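# Chains, contacts and geometry: an overview
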Amino acid sequence: MRRPVFRGPTRDELRTRDDAPAAERPGRLASALVPTVPPDAKALVSTLMQIIEESAPLPAGKRAELRRDVLGLWRELTSEKADRQADYMGEPAKLAAYVRYFLPWNVVRLVPILAGLDLGLKAGDRILDIGSGPLTVPIALWIARPELRELPLELVCMDRVGRILETGMSIFDGLRLRSGSSTAWKVSVRKSLFPHGLE
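The shown structure was predicted, so the numbers you read here are calculated from the model rather than taken from an experiment.

Our focus in this paragraph is the confidence of the model for the chain. The predicted model of the chain averages 77 in pLDDT, with 72% of residues at 70 or higher. Low pLDDT, under 50, characterises residues 195-199; the predicted model gives this stretch seven contacts beyond four residues in sequence or across chains.

Attention now moves to the packing of aromatic side chains. This model, assessed by the stated rule, comprises five aromatic pairs. Between Tyr98 and Phe102, the aromatic rings sit 5.6 Å apart at their centres with planes inclined by 25°, giving stacked as the arrangement. On the criterion of helical spacing, the pair formed by Tyr98 and Phe102 is a turn pair, its members being four residues apart in helix α7 (residues 92-116). Across the pair, Phe102 and Tyr98 agree in class, each one buried. Ring geometry for Trp142 versus Phe172: centroids 6.0 Å apart, planes at 80°, classification edge-to-face. Of this pair, Trp142 sits in helix α8 (residues 136-144) while Phe172 sits in helix α9 (residues 162-178); the two residues are 30 residues apart in sequence, bridging distant segments of the chain. The pair Trp142 / Phe172 is uniform in exposure class, with both members buried. Pairwise contacts between aromatic rings join Tyr98, Tyr101 and Phe102 into one cluster. A cation over a ring is seen here: Arg149 above Trp142, with NZ or CZ 4.9 Å from the ring centre.

Where strand β1 (residues 126-130) lies against strand β2 (residues 154-159), five bridges are found, and the strand directions are parallel. Paired with Ile127 across the strands is Leu155, a residue of β2. Since β1 and β2 lie parallel, the crossover through α8 that links them has a hand, and here it is right-handed.

Geometrically, a packed helix pair is captured by the angle between its two axes and the distance between the axes. Closest axis-to-axis distance for the helix α6 (residues 66-77)/α7 pair is 9 Å, and the angle between their directions is 90°. Considered as vectors, α6 and α7 are oriented roughly perpendicular to each other. Taking contact as the criterion, the partners of Leu66, Asp69, Val70, Leu73, Trp74, Glu76 and Leu77 in α6 are, on α7, Ala93, Lys94, Ala96, Ala97, Tyr98, Arg100, Tyr101 and Phe102. Residue composition of the contact of α6 with α7, grouped by class: 11 nonpolar, no polar and four charged.

Next up on the list: the pairing of β2. Of all the six residues making up β2, five are buried; the element is thus mostly covered by neighbouring parts of the structure. Examined bridge by bridge, β2 and strand β3 (residues 186-191) share six bridges and lie parallel to one another. Pairing of Glu154 across the sheet is with Lys186, part of β3.

Attention shifts here to the side chain of Asn106. One can find Asn106 in helix α7. Taking relative accessible area as the criterion, Asn106 reaches 15% and is therefore assigned buried. The residues touching Asn106, leaving out its near neighbours within four places in the chain, are Tyr98 and Thr136.

About the thresholds
Residues numbered from 1 in each chain as written. Predicted model: local features only at pLDDT ≥ 70, side-chain atom pairs only at ≥ 80, totals over all residues. Heavy atoms only, no water. pLDDT = per-residue confidence, 0-100. Contact = heavy atoms within 4.5 Å. Phe/Tyr/Trp six-rings, centres within 6.5 Å; stacked < 30°, edge-to-face > 60°. Helix = DSSP H or I, 4+ residues; strand = E, 2+ residues; numbered from the N terminus. Buried < 20%, exposed > 50% of the residue type's maximum accessible area, 1.4 Å probe, protein only. Lys NZ or Arg CZ within 6 Å of the ring centre and 35° of its normal. Pairing = 2+ DSSP bridges. Right-handed = clockwise from strand over helix to strand, strands pointing away. Axes fitted to C-alpha atoms, helices over the stretch in contact; angles between N-to-C directions. Parallel < 35°, antiparallel > 145°, perpendicular 65-115°, else oblique. Nonpolar A, V, L, I, M, F, W, Y, C, P; charged D, E, K, R; others polar.

Have a look at this one:
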């Protein structure tokens with residue numbers, strides 16, 4: 001007995017009616033699923049690399065090795081975690097590679113997500129970011145939600161490597177200055193091993 005074949009509408013069929021339901025209009029469905037990012041998000045993301053260079057300058061002699069270091073770190077991050085040192089981010093070459101490649105890329109991916117989330121944050125709320133690294137989530141949240149910048153929030157960023165937290169804090173401070181907005185956020189970094197550092 002032959003199994004029935006099910007197929008969805010073809011691309012031409014989807015274009016036939018402008019009054020088709022949203023689920024049958026790819027363009028409109030995509031715009032409904034992808035949240036609108038704030039107007040200054042593109043500019044802030046575009047200047048993020050400049051902020052990184054100002055906050056964590058890389059010696060000229062190390063720039064020639066950066067491409068190799070990014071590729072090496074990518075290979076480590078996509079391999080078994082057991083093969084990677086727990087404090088690998090403390091190594092200067094890996095830290096430089098991470099903040100210059102993986103940090104901006106992760107921010108670009110996070111901004112639309114955070115822009116569309118109903119976070120329900122209110123004045124006095126506390127956010128705990130475990131495994132914060134270079135403060136990727138606070139940086140992305142700052143870019144994605146300008147309406148929260150003047151909301152009194154406390155962000156505690158925790159990681160086992162103090163150096164990358166300090167680098168991230170410098171980048172975040174540079175971003176705040178670049179956006180021309182003061183902030184009511186109280187951001188602190190804490191070198192700690194989860195879960196012993198939770199208080």
